[in-house]
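# Understanding the architecture of this molecule
Chain by chain, the residues:
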Amino acid sequence: MPGGRPTLDPKGKLLAVRLAERHTRFLEQRARRLRISLSEALRQCVEESLHAQQHGVPRARSPNPEER
């Protein structure tokens, strides 16, 4: 018997990711502000990126070493 509640959007893959401190801080602030889990904050960021990519929104440049 599967655990958890039924969903229309199953999360079938578990990923382990190493993040820089600035990424972790960003996700923690977002999660706290929106009152969601870190996992949900990360999923929302990915969804926003997919949406931008599908609609031709130009990507922001990556920070250079001095900005990191």
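Refer to the structure above for everything that follows.
Quick look at the structure, then. The shown structure was predicted, so the numbers you read here are calculated from the model rather than taken from an experiment. (Residues numbered from 1 in each chain as written. Predicted model: local features only at pLDDT ≥ 70, side-chain atom pairs only at ≥ 80, totals over all residues. Heavy atoms only, no water.)

### As for the pattern of salt bridges
Put simply, the rule reads: One speaks of a salt bridge when a side-chain nitrogen belonging to Lys or Arg is within 4 Å of a carboxyl oxygen belonging to Asp or Glu. Numbering goes from the N terminus for both helices and strands, where a helix is a DSSP run of H or I of at least four residues and a strand is a run of E of at least two. Between buried and exposed lies partly exposed: a residue is buried under 20% and exposed over 50% of the maximum accessible area for its type, with that area taken using a 1.4 Å probe on protein chains only.
What the rule picks out here adds up to 4 salt bridges. Put simply, E40 and R43 hold a salt bridge, and the shortest N to O gap is 3.1 Å. Taken together, the positions of E40 and R43, both in helix α2 (residues 38-54) and 3 residues apart, correspond to about one turn of that helix. Taking the relative accessible area as the measure of exposure, E40 reaches 27% and is therefore partly exposed.

### Side note on the packing of helix α1 (residues 21-34) against α2
Short version of the rule: To get an axis, fit a line to the C-alpha atoms, keeping to the stretch in contact for a helix; angles then go from 0 to 180 degrees between the N-to-C directions. Roughly parallel refers to an angle under 35 degrees, roughly antiparallel to one over 145, roughly perpendicular to one between 65 and 115, and oblique to any angle outside these ranges. Throughout, a contact is declared for two residues whenever any of their heavy atoms are within 4.5 Å. Classification convention: Asp, Glu, Lys, Arg as charged; Ala, Val, Leu, Ile, Met, Phe, Trp, Tyr, Cys, Pro as nonpolar; all other residues, Gly among them, as polar.
As a packed pair, α1 and α2 sit with axes 9 Å apart at the nearest point and diverge in direction by 105 degrees. Taken as axis vectors, α1 and α2 run roughly perpendicular relative to one another. The segment α1 lies against α2, with F26, L27, E28, R30, A31 and L34 engaging L38, A41, L42, Q44, C45 and E48. Classifying every residue of the contact of α1 with α2 by side-chain character gives 8 nonpolar, 1 polar and 3 charged.

### Brief notes about unusual backbone geometry
Positive phi, close to 55 degrees, is recorded for R35, a residue that is not glycine. Summarising the element assignment, R35 is placed in the loop between α1 and α2. The class for R35 is exposed, based on a relative accessible area of 78%.

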